[in-house]
Amino acid sequence: NLYINYFSQKKIIRLYKNCDFKAHVSYDYYNFLKQKKIEKIKYYNHPVEDIKLEHKDMINKKLFKGNENNIKKKFKIIMVGKLSTITYLQYEYLQNEIIPEIVNNKFVKNNIEIRLIGSGKDNDFIKLYSYKFVNHLGYVNDFEKELIESDLYLCPSPQPLGSRSRLNEGMAYGCCISTSIFDQAADPNLISGLNCFISKTPKEYVEIIEKLIKNPSIKISVMQNAYKTYQSKFKKSIACSDYENDIISLL
């Protein structure tokens, strides 16, 4: 696989050098190509599909009308995705690195529910499923509702494989996102403390959870800014018009 990847990268670089117009939607890959002496390359934001009207109403009630239920039993944390390479690594990181930190923090352990969404069970994560505060939901009927009703969208990428598009979608639904420096490198729109939280260590993820449980106003502020980032950067009409204008100018 490394052999194939090496020659694939070389071929991609050759193709890019021969193009009249060069662009990419992943910021880390954009920077990689620039390092390979590919000049005049443009970065594009990733467009997110339009939100349905009923979901827009739910988002607005939660973010801007103070309609959040203050008598919550548990702080709802979601992790999403099929068990592809990146999601598998996130599950592994959660099970082996983050969960032990949660167990050591009784306040967090007693006040959270981690909801695993979008994948079947895997024998490699039997230990993860065994914790009382972990709820494996698998495939759900209303994925958007899970996004909107979450308190935290956890995306703990331990390696630079990228979860950019799923995080952009999370912002579209007003999620409070907790992710890694690797995902931030793939999307310059992720600003820690403003529209998301960026962590470097397992303990930092748990510290952020504790802070958000104790200070719900911080969570709401980050959610609002995440939604505003979607509206100004990732909304289909905004992001796609950037592509369209450049294509028209080329023609």
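Our subject is the structure listed above.
Residues numbered from 1 in each chain as written. Predicted model: local features only at pLDDT ≥ 70, side-chain atom pairs only at ≥ 80, totals over all residues. Heavy atoms only, no water.

## Section: the pattern of salt bridges
Inspection of the entire model under this criterion finds 10 salt bridges. For Lys236, the salt bridge is made with Glu49, and the minimal N-O distance between the two is 3.0 Å. Here Lys236, found in helix α12 (residues 236-250), pairs with Glu49, found in the loop between β2 (41-43) and α3 (53-64); they are 187 residues apart in sequence, far enough to count as distant. Looking at Lys236, the relative accessible area reads 30%, which means it is partly exposed. Notably, a salt bridge pairs Glu149 with Lys145, separated by 2.9 Å at the nearest N-O pair. Of this pair, Glu149 and Lys145 both sit in helix α7 (residues 143-149), four residues apart, which is roughly one turn of that helix. (Salt bridge = Lys/Arg side-chain N within 4 Å of Asp/Glu carboxyl O. Helix = DSSP H or I, 4+ residues; strand = E, 2+ residues; numbered from the N terminus. Buried < 20%, exposed > 50% of the residue type's maximum accessible area, 1.4 Å probe, protein only.)

## Some thoughts on unusual backbone geometry
For Lys37, which is not glycine, the phi torsion reads 70 degrees and is therefore positive. As for its placement among the helices and strands, Lys37 is situated in the loop between α2 (27-35) and β2.

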